[in-house]
Amino acid sequence: MKMNAGQLDRPITLRWTGTEIVSNAEQITFGANTDVTVYALKEDASSKYSEGELEMAVRSKSYTDFTIRYRPSVTTKVTVIDDNSVLYNIESVEELGRKSFLILRCEQIAQK
């Protein structure tokens, strides 16, 4: 999948909550509720499954993928808040291209 920054059209908030992150041998400590707003492409993750995988995914959980510009500090300990105030936990972080983009596979946890 080829991406360009123009496709990132939805503002989302990444929230760190006092998490220590080790990145390139560095430790970063965030204060309570450190928020950063970035632009993302939001996609229903079920559209990426094959028919068999979709059936299994629908029975278990519903996922949403957010694609953002590369940020080394984004891990599964970060919370995502979309433009409709929906909160998501990040289940996985996948790099797209070499330090170009990140795909955040998220599960909805609450409506704010």
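Above this note sits the structure.
Quick caveat: nothing in here was measured; it's all calculated off a predicted structure.

J.: I would appreciate a short explanation of the environment of Asp82 in the present structure.
T.: One can find Asp82 in the loop between β6 (79–81) and β7 (86–96). Residue classification places Asp82 among the buried positions, given a relative accessible area of 5%. For Asp82 and Ile12, which are 70 residues apart along the polypeptide, the C-alpha to C-alpha distance reads 4.5 Å. A distance of 3.0 Å separates a polar atom in the side chain of Asp82 from a polar atom in the side chain of Lys42. A distance of 3.4 Å separates a polar atom in the side chain of Asp82 from a polar atom in the side chain of Tyr88.

J.: Sorry, what's going on with unusual backbone geometry here?
T.: A negative phi angle characterises most non-glycine residues, just as the trans form characterises most peptide bonds. One non-glycine residue, Ser85, lies in the positive phi region at around 60°. By the secondary structure assignment, Ser85 is in the loop between β6 and β7. Residue Ser85 is classed as partly exposed on the basis of its relative accessible area, which comes to 31%. The residue Lys99 is not glycine, and still its phi comes out positive at about 55°.

J.: How should I be thinking about the sheet that holds strand β1 (residues 10–16) in this particular structure?
T.: Where strands meet in a sheet, backbone hydrogen bonds hold them as pairs that are either parallel or antiparallel. Within the closed barrel, the 6 strands sit side by side as β1-β4-β5-β8-β7-β6. Their pairing is antiparallel. Strand-to-strand twist of the sheet, defined as the mean angle between neighbouring strand axes without regard to direction, takes the value 45°. Bridge analysis of β6 against β7 gives 3 bridges, and the strand direction is antiparallel. Across the sheet, Val80 pairs through a bridge with Tyr88, a residue of β7.

Reading the values: the criteria
- Starting from 1, residues in each chain are numbered consecutively following that chain's sequence as written.
- pLDDT decides what is reported in this predicted model: residues at 70 or higher carry local features, side-chain atom pairs at 80 or more are listed and counted, and totals for whole chains, interfaces and linings draw on all residues regardless.
- Side-chain numbers here rest on the full set of heavy atoms in the structure, without hydrogens or water.
- Labels follow the DSSP assignment, with helices taken as runs of H or I lasting at least four residues and strands as runs of E lasting at least two, numbered in each case from the N terminus.
- The rule is simple: take the accessible area with a 1.4 Å probe, protein chains only, and divide by the maximum for that residue type; under 20% is buried, over 50% is exposed, in between is partly exposed.
- Any pair of nitrogen or oxygen atoms within 3.5 Å is treated as a polar contact; in protein, a donor-acceptor pairing is required on top of that, and neighbouring residues in sequence qualify only through side-chain atoms on both sides.
- Here, a strand pair is defined by DSSP locating no fewer than two bridges between the strands.
- Here, axes are lines fitted to C-alpha atoms. For helices the fit covers the stretch in contact, and angles between N-to-C directions go from 0 to 180 degrees.

Any functional reading would require information beyond the geometric quantities listed.
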